[in-house]
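Residue-level listing of the chains:
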Amino acid sequence: MAHRFVPGEELSQAIEAARACNKSGMSASLDHLGENVITREDAERARAAYTEALEAIAAQAVEANVSLKLTHLGLDLGEDFCAEQLRAVTRRAAELGNFVRVDMEGSAYTARTLRMIHAARAETGAVGTVIQAYLYRSEEDVRDLLGIGCRIRLVKGAYREPASIAFRRKKDVDANFIKLMKILLPSGTYHALATHDPKMIEAAIRFAAEQNITKDKFEFQMLYGIRADLQTLLVRQGYRVRVYIPFGNDWFPYFMRRLAERPANLLFFLRNLFGGNAPPEAGFQ
Ligand SMILES: Cc1cc2nc3c(=O)[nH]c(=O)nc-3n(C[C@H](O)[C@H](O)[C@H](O)COP(=O)(O)OP(=O)(O)OC[C@H]3O[C@@H](n4cnc5c(N)ncnc54)[C@H](O)[C@@H]3O)c2cc1C
């Protein structure tokens, strides 16, 4: 089941998946799965996996960058340690002319992640981050990051957050996504809109056309295995699309977040698990 969302455990499988995306006119972002490591050894292994991924991307000339989580690089073990780890990855990315996207995790990490992004961007432009439309604080964070020319990936947000800090109703999250999109697209920096929601995509396309923002000034991003039909359609219409490709053996938390996002996927999963009458694969988005 997890293969629908994760092409494999090995870097070579992620590179193959990225190559297939490239053939279809899409770029990729490789995510070596893992989060909340509790030993330095694991954090250092993660750092090495990322520099290895950057080197493989360069050696094999695939059109891809990398996405990582700071808790995978050891944020729970201390900010200074994690900053050093991140520096090692961004330095290699800069040397190779590539880019590192720092994913945004649960709200316990938001302020620390943004602090680390500020520090990292003081050294290199080869790093950007993610803003979650469900958080009330995000508009302020967007304006702050635009002040330092930081590339942003806008998402709705994947973690369970309390109503004291986050919009809980889909319609409020969607409204904030559109509001933030309208701040990002005219900013002159190259940003990404990461969503599978046709309403968000239509709103962005309409807004960009009204503002004369050309199709090469931003990109859409979607997750591997989700709405491949929409990915292809956007490429056909001349939009830039990047596919987020997770790989590695620590796929369980990622897989569970994807199931939680969509009850239909969870139902399909349960039917398979208990050997019932599974609908055809195409029914699974
Ligand atoms: C490239 C990328 C990177 C991301 N990085 C982060 C990050 O760093 N931090 C973070 O918190 N979140 C991240 N996310 C996840 C994001 O926050 C959302 O949880 C996720 O994208 C689902 O929201 P949505 O915008 O697709 O729309 P939703 O409102 O969840 O769904 C709208 C429609 O999209 C389709 N859809 C959505 N999810 C699925 C699914 N699992 N299976 C099938 N169809 C689906 C359905 O048609 C659905 O009706 C990322 C998402 C993407 C695409």
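Placed above this text is the structure.
### Looking at the site of the ligand
- Close to the ligand lie 26 residues, the nearest being Met104, Lys156, Gly157, Thr195 and His196.
- For the ligand, an oxygen atom lies 2.7 Å from a polar atom in the side chain of lysine 156.
- One of the side-chain nitrogen or oxygen atoms of glutamate 261 is found 2.8 Å away from an oxygen atom of the ligand.
- In isolation the ligand exposes 930 Å². Once the protein is present, 89% of that is buried.

### Focus on the sheet that holds strand β7 (residues 218–223)
- Strand order around the closed barrel formed by 8 strands is β1-β2-β3-β4-β5-β6-β7-β8, with parallel pairing between neighbours. Averaged over neighbouring strand pairs, the angle between their axes works out to 30° when direction is ignored.
- Here strand β6 (residues 191–194) runs beside β7; their pairing, made up of 4 bridges, is parallel. Residue histidine 191 lies in a different strand from β7, and its bridge partner there is phenylalanine 218.

### Quick look at the packing of helix α3 (residues 79–95) against helix α4 (residues 110–121)
- As a packed pair, α3 and α4 sit with axes 11 Å apart at the nearest point and diverge in direction by 45°. Put simply, α3 runs oblique to α4. The interaxial crossing formed by α3 with α4 has right-handed handedness. Residues Glu79, Cys82, Ala83 and Leu86 of α3 touch α4, and the partners they reach there are Arg112, Arg115, Met116 and Ala120.
- Class assignment for the residues of the contact of α3 with α4 results in 5 nonpolar, no polar and 3 charged.

### Describing the pairing of strand β1 (residues 27–32)
- Burial runs high along β1: 6 of the 6 residues are buried.
- Of the two faces of β1, the one holding Ser27, Ser29 and Asp31 and the one holding Ala28, Leu30 and His32 are both buried throughout.
- Looking at chain direction, β1 and strand β8 (residues 241–247) are connected through 6 bridges and run parallel. In the sheet register, leucine 30 faces β8, and the bridge partner there is isoleucine 245.
- Bridge analysis of β1 against strand β2 (residues 64–68) gives 4 bridges, and the strand direction is parallel. Directly across from serine 29, in β2, lies its bridge partner asparagine 65.
- As for the winding sense of the linkage, the β-α-β connection from β1 through helix α2 (residues 40–59) to β2 is right-handed.

### Describing the nonpolar core
- Judged by nonpolar contacts, the single largest core of 73 residues is most densely connected at Leu30, Leu68, Leu154, Leu193 and Ile245.
- Contacts of leucine 193, omitting those with residues within four sequence positions, involve Leu154, Phe177, Met181, Leu185, Ala204, Phe218, Glu219, Phe220 and Gln221.
- One finds Val6, Leu223, Ile226 and Leu259 within the second-largest nonpolar core, a separate group that totals 10 residues.

Calculation criteria
- Residues numbered from 1 in each chain as written.
- Predicted model: local features only at pLDDT ≥ 70, side-chain atom pairs only at ≥ 80, totals over all residues.
- Heavy atoms only, no water.
- Near = heavy atom within 4 Å.
- Polar contact = N/O pair within 3.5 Å; in protein donor to acceptor, adjacent residues only side chain to side chain.
- Areas by Shrake-Rupley, 256 points an atom, 1.4 Å probe, with all protein chains shown as cover.
- Pairing = 2+ DSSP bridges.
- Helix = DSSP H or I, 4+ residues; strand = E, 2+ residues; numbered from the N terminus.
- Axes fitted to C-alpha atoms, helices over the stretch in contact; angles between N-to-C directions.
- Parallel < 35°, antiparallel > 145°, perpendicular 65-115°, else oblique.
- Left-handed = near helix turned anticlockwise from the far one by under 90°.
- Contact = heavy atoms within 4.5 Å.
- Nonpolar A, V, L, I, M, F, W, Y, C, P; charged D, E, K, R; others polar.
- Buried < 20%, exposed > 50% of the residue type's maximum accessible area, 1.4 Å probe, protein only.
- Right-handed = clockwise from strand over helix to strand, strands pointing away.
- Core = buried A, V, L, I, M, F, W, Y, C linked by side-chain atoms within 4.5 Å.

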